[in-house]
Each structure stands twice: as structure tokens, then as C-alpha cells.
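So the chains spell out like this:
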Amino acid sequence: MKRPGEMKRELAENDSTPLYAGVKQVILDRIHSGEWPPKYRVPSENELVVELGVSKMTANRALRELANEGELVRIQGVGSFVAERKGYSALFEVRNIAEEIAERGHVHEASVVVLAQETASPEIADALELEIGAAVFHSLIVHSENGVPVQIEDRFVHPEAAPEYLHQDFTTLTPNAYLTAAAPLSGSEHVVEAAMPQAWECKLLTILKTEPCLTIRRRTWSAKQVVSTARLVYPGYRYRLEARSGKMFEE
């Protein structure tokens, strides 16, 4: 743990950068050095204001951007925590789409279409291992990259796995990031298929009905409990998924 004032000195050393970027770098240094491990609660906005002498707006922006970049998980009413790192192959890695977009140097935005408690249909009940008609949490979110829709995330969540799910602001925190913190991932199942979009999907993705899409159906577990089942729809000409295996050698 850094002693009082040490973070402020580190910020001063980077005074050629914007203040919010300096705050981000100070936090990232703590994370990448291992001093702040996964699930560690980082200082709050108010604590950063006192420790670093910055405005609350600056502290908020730094924390918000780090959450969007997948470095932190912000849980409403609780605080910000260092995100866990997972080792999966690229294609079937359960990744934070905001992090993927940020790695390309682009801007991620999310539009929440649905966030509500519903009753489980037979298909959803089977996927979540619940009784038909049981209460489930449903979110429907459109993720955009530089203002262009690139993914529909249609997700159903087991209420016992993430009881505070409906109270999150998924315009600033992705479901992936929140669920990773609330119910750490222990396993996943994927089904990939090509499909023509439904009329409502065309509207949300601003594509033609003739535009083929790539669809991933994904279930995730924490320990032995199913956490969520999600249907992820990508416009075929705007997004691609990649995977590599084995070692790459130069001749």
C-alpha cells in the first residue's frame, strides 16, 4: 500500500499529461505492478480528490474510463474494483466488449433497450436451470464502436447469481464486467452460427434485412451455478471474430 502523498507525487511527475490521464496512469501502475490485485477495492472518487488534489469530475472520468477499458469494475453503491484477468483463447474468450473496442483505440458506447425482471420461458428456464415461469433478470443492450452499432447483447441472468443486476448502469459498466466481479467465471459454453437478422435486430443494428449476422449463444457458470445465458448478434460486415492456436514460427 502506498503511503499518503506517494500517489500525489507520482501524479506530479506526469504533469505534462491531462489530469484525468495522469490519475488513470497512477491507478494502472498500482494494478500492473501487482500491488492492487484482482478484486482489490481502489480509492473512491472522494478519496482520489483528497489524495491527489484533483477535482471530483477528474477522478470520475479516470475511474469511468478505466471501467470502460475493462481495468476496473464499478459496482453502484459499493465502489470500484480491479478487474480479474482471464486466460481463454481469443474466439471463445468471455471478454468485455468495451475493452476490445478500447484496445483498438476506439470509443465504446452502450444503449440499454431493456433492463427488467421477467418470467422465464421454457427455453430460458432450461438454459438457467430454473423452473418455467421463475423470475429472471433480462437485459437487452446495443454496443456501438465509434457510434456504429456492432453487437446486440440479449442476456438473461440467474437472480441468485447476481441479485443487484437490475440496479446497475450498463451505459457505463458492461454486464460482462459486472458479472465477472459479482460471480467470478469458472466455465463457459458457446454455440456459433450464421443467421439472418430479425426485423427488430435490423432496426437496432441499422442494417438491411439481407445483411447476414454472426450469432454467439453463450452460457457462463460460477462454480456449479449457471450465471447467465446470452445471445450476441454481430453484423457480418462490421465485425469479425478471430482465434489462433499453437505457436507461430518464422521460417
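For clarity, every value in this text was computed on a predicted model and none was experimentally measured.

Rules used in this analysis
Residues numbered from 1 in each chain as written. Predicted model: local features only at pLDDT ≥ 70, side-chain atom pairs only at ≥ 80, totals over all residues. Heavy atoms only, no water. Axes fitted to C-alpha atoms, helices over the stretch in contact; angles between N-to-C directions. Helix = DSSP H or I, 4+ residues; strand = E, 2+ residues; numbered from the N terminus. Parallel < 35°, antiparallel > 145°, perpendicular 65-115°, else oblique. Left-handed = near helix turned anticlockwise from the far one by under 90°. Contact = heavy atoms within 4.5 Å. Nonpolar A, V, L, I, M, F, W, Y, C, P; charged D, E, K, R; others polar. Disulfide = S-S within 2.5 Å. Buried < 20%, exposed > 50% of the residue type's maximum accessible area, 1.4 Å probe, protein only. 1 Å grid on protein atoms, 1.4 Å probe; cavity = no way out; pocket = protein on both sides within 12 Å on 5 of 7 lines; lining within 4 Å. Points joined across faces, edges and corners; volume = space filled by probe spheres on them. Arc of directions from axis to C-beta. Phe/Tyr/Trp six-rings, centres within 6.5 Å; stacked < 30°, edge-to-face > 60°. Polar contact = N/O pair within 3.5 Å; in protein donor to acceptor, adjacent residues only side chain to side chain.

### Focus: the packing of helix H2 (residues 19-32) against helix H4 (residues 56-68)
Step number 1: For the pair H2 and H4, the least separation of the axes is 8 Å and the interaxial angle reads 55 degrees. On the basis of their axis angle, the class for H2 and H4 is oblique. By crossing handedness, the relation of H2 to H4 is classed as right-handed. Contacts from Leu19, Tyr20, Val23, Lys24, Ile27 and Leu28 of H2 reach H4 at Thr58, Arg61, Ala62, Leu63, Glu65 and Leu66.
Step number 2: For the contact of H2 with H4, the residue count by class is eight nonpolar, one polar and three charged.

### A closer look at the packing of helix H3 (residues 45-52) against H4
Step number 1: Put simply, H3 and H4 touch, their axes get as near as 9 Å, and they point 120 degrees apart. Here H3 lies oblique to H4, going by the angle between them. H4 is crossed by H3, and the crossing has right-handed handedness. Facing Glu45, Asn46, Leu48 and Val49 of H3, the residues of H4 in contact are Lys56, Ala59, Asn60 and Leu63.
Step number 2: Across the contact of H3 with H4, the residue classes break down as four nonpolar, two polar and two charged.

### What about the state of the cysteines?
Two cysteines whose sulfur atoms are joined by a covalent bond form what is called a disulfide.
Step number 1: Per the counting criterion, the structure on display carries zero disulfides.
Step number 2: Of all cysteine sulfurs in the structure, the one in Cys213 sits closest to Cys202, which takes part in no disulfide; the separation is 6.8 Å.
Step number 3: For Cys213, a relative accessible area of 4% gives the class buried.

### Observations regarding the layout of surface pockets
Step number 1: Looking at the second largest pocket, its volume works out to about 320 Å³.
Step number 2: Looking at the second largest pocket, it is lined by 15 residues, and the ones nearest its centre are Glu123, Ile124, Arg217, Thr229 and Ala230.
Step number 3: Of all the elements in the fold, those that place two or more residues in the lining of the second largest pocket are helix H6 (122-128), strand S5 (148-157), strand S6 (187-195), strand S7 (213-222) and strand S8 (225-235).
Step number 4: For the lining of the second largest pocket, the class distribution of residues is six nonpolar, two polar and seven charged.

### Brief notes about H3
Step number 1: Here H3 has its buried residues at Glu45, Leu48 and Leu52. Viewed along the axis of H3, the buried residues span an arc of 60 degrees, placing them on a single side of the element.

### Topic: the packing of aromatic side chains
Step number 1: Within the structure shown, the criterion is met by four aromatic pairs.
Step number 2: Ring centres 5.3 Å apart and planes at 15 degrees place the aromatic pair Trp36 and Tyr40 in the stacked group.
Step number 3: For Trp36, a relative accessible area of 3% translates into the label buried.
Step number 4: When the centroid spacing of 4.9 Å and the interplanar angle of 45 degrees are considered together, the rings of Tyr165 and Phe170 count as tilted.
Step number 5: Given the relative accessible area of 0%, Tyr165 is considered buried.
Step number 6: Phe170 gets classed as buried once you look at its relative accessible area, which sits at 2%.
Step number 7: Taken together, the aromatic side chains of Tyr165, Phe170 and Tyr178 make up a single cluster linked through ring pairs.

### Structural notes on the side chain of Ser222
Step number 1: By secondary structure assignment, the location of Ser222 is in strand S7.
Step number 2: Polar contacts involving the side chain of Ser222 include one to the main-chain carbonyl oxygen of Pro184, which spans 2.8 Å.
Step number 3: When near neighbours in sequence (up to four residues on either side) are disregarded, Ser222 contacts Ala183, Pro184, Ser186 and Val227.

Functional significance is not addressed by these values, which are geometric in nature.
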